[in-house]
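Below, each chain spelled out in residue letters.
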Amino acid sequence: MTISEKVYPPTAAPSSAKARRRRGAGVRKRTRLLLWQLVTVAVIAALWTLVYETGALSREIVPPPWDVVHEFLVLAVTGAFWTALATTVSNALIGLAVGVVVGVPLGLLLGISAAAYRSAQFLIDLCRSFPVIALLPVMVLVLGATSEMETVVVFSGVLWPILLQTIYGARRIDQVIADTVRSYRIPALLRFAKVVLPNAAPMAATGVRIAASASILIAVGVEVLSLTPGMGGNLARAQTDGAPALAMAYVVYAGLVGLVLNKVLWIAESRVLSWNRRTTEAER
Amino acid sequence: MTAMLLNPLRILLRLLERLWLVVALFAIWWFASANSTSVYFPALSRIWDALRRGVTDGTIRSDLAYSLTNIVIGILLATVVGAAVGIAVGELEGLRRVLDPFLQFARSVPQSALIPIVIGALGIGQAPKIYMIAFACVWPVLLNAIDGVRAIAPEVRDMAKAYRIPRRLWLRRMVLPAAMPQIMAGIRVALAVGVVVMVVSEIFSATEGIGHFINNAGSVFDIPSAWAGTLIVGALGYVLSVAFVLVEKATLGWYFKSAGTASGAARLRTRGKAAK
């Protein structure tokens, strides 16, 4: 988050007066941005306090902001919280990993063969628009409220973005390249390794990134609904136990986990596929 | 090209090619489960019976109507608010930079985690569920609207400034059409989010709705009905996404046509990328 961004003081002896002025302006700009963001936080906190003080919403549901901050800090030093967080994240990531292992090869296959793609298209469209969470009651009956059940639901949710992005990537081949490959009679295996794979990789990576954010959302959602152990389960239990501040603190943590995961994958993606990032930036 | 030839046999073959897998899977399910004695995986014929029973006695129809009302109103609210706020924030660069971390955070919060809180605060009626759907769906629309506005070429902006185009005309004739494709991409994402929140909010606590139908059937061990409700939700999701494609084609016809040109194709590509 930008709050923690460091603002360097302009004391580092810049080489010229011009540079100093430029750097000074940059720092001023950033300080002002930070100031405004702090003002926004203050406004949100003030509105929240107002709602609490006036009792517009039941106080048992909307806790005062300072209680949430307190619970937030207490959670950070609670071992049980970190176990719950680890459970949620590992369930989500296992589901994601299985999704990648199944989705990417299948996507490549469907991307190469036009006939297979046409055959599977309707099925994929059906499955992709299927809200996985609707499977939950049935899944809880079949597998129980366990981590395995959670992983299965996550997998059946994240498979589709990975699969679709990989298919699009494998199918999206420049006409000139396709013609060149054909006229030089490049063998299928070489074509796959040197043309299809590099073409599909960036799109597949985007699919994995989308799927990763989705995996955490699905995992927490499953836990909230079925009280499976993990952050979501703790959240729902805190809510029913009449500890709204604790529940709210869990919500904040859940958001932070999603944010961090997204950032990490974004960085990983641009590291691994730096050659592609450059071209897409230029395209814009 | 010969593909342009609309010969009936060809159309039939195309249709067969597209449908055979789904039909085959359902057939396999039907026959493989025909003698199923498992409580959890009832025969497809029994699920079909439960479905027909629910449809004829009207429970499924009223539950479906309730759920559809919620999601349609929720999405409409989210679209209006998200597009309006998104365009405003996209136009005011300073405001966008201040709000950016907050918007990114709001998007990362699992919406289903908020459902117990919102329902606890506002009750189990219909309005809280609509607010919940709207609240969850507003983020993709809002963030996409911001991106859409920011993608307007600076030359266009300068031109409008040079000609002193009035602000309202600028917003209506330039910003809104420019952001429209991206806003539509946002609504498409919102639709998927909305269906999930709709079902979850009804599973969590409700007296009506298709999610309630599934949950209720599951808790009284009427497994065929639970499966039937699950299939209906799937069909609902599919129908909604097909309906949305039609709406998108109707409103963005000009945009897809422009994809025939090179720059249009490039824009389509970037749009696809941003549509997450």
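What counts, and at which threshold
- Residues numbered from 1 in each chain as written.
- Chains lettered and ligands numbered in written order.
- Predicted model: local features only at pLDDT ≥ 70, side-chain atom pairs only at ≥ 80, totals over all residues.
- Heavy atoms only, no water.
- Helix = DSSP H or I, 4+ residues; strand = E, 2+ residues; numbered from the N terminus.
- Buried < 20%, exposed > 50% of the residue type's maximum accessible area, 1.4 Å probe, protein only.
- Contact = heavy atoms within 4.5 Å.
- Areas by Shrake-Rupley, 256 points an atom, 1.4 Å probe, with all protein chains shown as cover.
- 1 Å grid on protein atoms, 1.4 Å probe; cavity = no way out; pocket = protein on both sides within 12 Å on 5 of 7 lines; lining within 4 Å.
- Points joined across faces, edges and corners; volume = space filled by probe spheres on them.
- Nonpolar A, V, L, I, M, F, W, Y, C, P; charged D, E, K, R; others polar.
- Buried area = accessible area lost by both parts, 1.4 Å probe.
- Salt bridge = Lys/Arg side-chain N within 4 Å of Asp/Glu carboxyl O.
- Polar contact = N/O pair within 3.5 Å; in protein donor to acceptor, adjacent residues only side chain to side chain.
- Patch = residues over 30% accessible without salt bridge, like charges linked within 9 Å, V, L, I, M, F, W, Y side chains within 5 Å.
- Lys, Arg positive; Asp, Glu negative; His and termini not counted.
- Charge placed at Lys NZ, Arg CZ, Asp CG, Glu CD.
- Core = buried A, V, L, I, M, F, W, Y, C linked by side-chain atoms within 4.5 Å.

Q: Kindly report on the overall build of chain A, identifying the contributing residues and their values.
A: Counting its regular elements, chain A contains 11 helices and 0 strands. Of the regular secondary structure in chain A, the N- to C-terminal order runs α-α-α-α-α-α-α-α-α-α-α. Here chain A, with 284 residues, has 41% of them falling under the buried criterion. In chain A, 72% of the contacts between residues at least 6 apart in sequence involve partners at least 24 apart. Accessible surface for chain A amounts to roughly 14,900 Å². Of this, 67% is attributable to carbon and sulfur atoms.

Q: If you had to explain unusual backbone geometry to someone new, which residues and values would you point to?
A: Note: most peptide bonds trans; most residues except glycine with negative phi. If you check the backbone angles, Leu227 of chain A has positive phi at about 55 degrees while not being a glycine. Examined against the element boundaries, Leu227 of chain A turns out to sit in the loop between α8 (188-226) and α9 (231-240). The partly exposed category is assigned to Leu227 of chain A, whose relative accessible area is 43%. Even without glycine at this site, Arg164 of chain B takes up a positive phi of about 50 degrees. Looking at where Arg164 of chain B falls in the secondary structure, it is placed in the loop between α7 (154-162) and α8 (167-204).

Q: Outline the layout of surface pockets, supporting the account with residue identities and numerical values.
A: Volume-wise, the second largest pocket comes out at about 1,800 Å³. As for the second largest pocket, its lining consists of 41 residues, and the residues nearest its centre are Ile44, Trp48, Met248 and Val252 of chain A together with Phe105 of chain B. Along the lines of polarity and charge, the residues of the lining of the second largest pocket split into 41 nonpolar, no polar and no charged.

Q: An account of the interface of chain A and chain B is needed here, citing residue identities and associated values.
A: Interfaces are often described in size by the accessible area the parts lose on coming together. Contacts between the two partners involve 50 residues from chain A, matched on the other side by 52 residues from chain B. For the pair chain A and chain B, the summed buried surface comes to about 4,900 Å²; carbon and sulfur atoms form 75% of the total. Among the residues chain A hides against chain B, the three largest losses belong to Arg118, Phe122 and Leu141 of chain A. Together they make up 12% of the total. The interface formed by chain A and chain B includes 1 salt bridge. Among the ionic pairs, Glu17 of chain B bridges to Arg118 of chain A, the shortest N-O distance being 2.7 Å. Our enumeration of links across chain A and chain B arrives at 6 residue pairs in polar contact (both at pLDDT 80 or more). When residues of the side of chain A that touches chain B are traced back to their parent elements, those giving at least two are α1 (17-54), α4 (114-128), α5 (136-143), α8, α9, α10 (244-272) and α11 (274-283) of chain A. Per element, the largest residue contribution to the side of chain A that touches chain B is 10 residues, and it comes from α10 of chain A.

Q: Account for a positive patch on the surface, with residues named and values stated.
A: A grouping of Arg28, Lys29 and Arg32 of chain A together with Arg97 of chain B is seen on the molecular surface, where their side chains present a positively charged patch. If you tally residues by element for the positive patch, the top one is α1 of chain A, at 3 residues. Within the element layout of this structure, Arg97 of chain B appears in helix α4 (residues 93-108). Of the residues examined, Arg97 of chain B reaches a relative accessible area of 34% and is grouped as partly exposed.

Q: Please set out a nonpolar patch on the surface residue by residue, giving values where relevant.
A: Together, Ile94, Val98, Val101, Val102, Leu106 and Leu109 of chain A make up an exposed nonpolar region whose accessible area comes to about 500 Å². The residue Val98 of chain A is located in helix α3 (residues 79-112) in this model.

Q: Please give an account of the nonpolar core that cites residues and values.
A: The biggest cluster of nonpolar side chains holds 108 residues, and the ones touching the most others in it are Val153 of chain A together with Ile183 of chain B. When residues in this core are grouped by element, the largest group, 14 residues, is from α8 of chain B. Beyond its immediate sequence surroundings of up to four residues, Ile183 of chain B is in contact with Ala83, Ile87, Val141 and Ala145 of chain B. Within the second largest apolar cluster, 10 residues are counted, among which are Tyr117, Trp160 and Leu163 of chain A together with Leu21 of chain B.

Q: Mind laying out the pattern of salt bridges, listing which residues take part and the relevant values?
A: All names here are of chain B. One pass over the structure, following the stated rule, counts 10 salt bridges over all chains. In this structure, Arg14 engages Glu17 in a salt bridge whose closest nitrogen and oxygen atoms are separated by 3.9 Å. Of this pair, Arg14 and Glu17 both sit in helix α1 (residues 8-32), 3 residues apart, which is roughly one turn of the helix. Judged by its relative accessible area of 39%, Arg14 is partly exposed.

Q: Run through the side chain of Ser108 of chain B, naming residues and quoting values.
A: Residue position: Ser108 of chain B is located in helix α4. Accessibility expressed as a relative area gives 10% for Ser108 of chain B, which makes it buried. At 3.0 Å, the side chain of Ser108 of chain B and the backbone oxygen of Gln104 of chain B are in polar contact. Leave out the neighbours within four places in its chain, and Ser108 of chain B touches Leu217, Ala254, Gly255, Gly258 and Leu259 of chain A.

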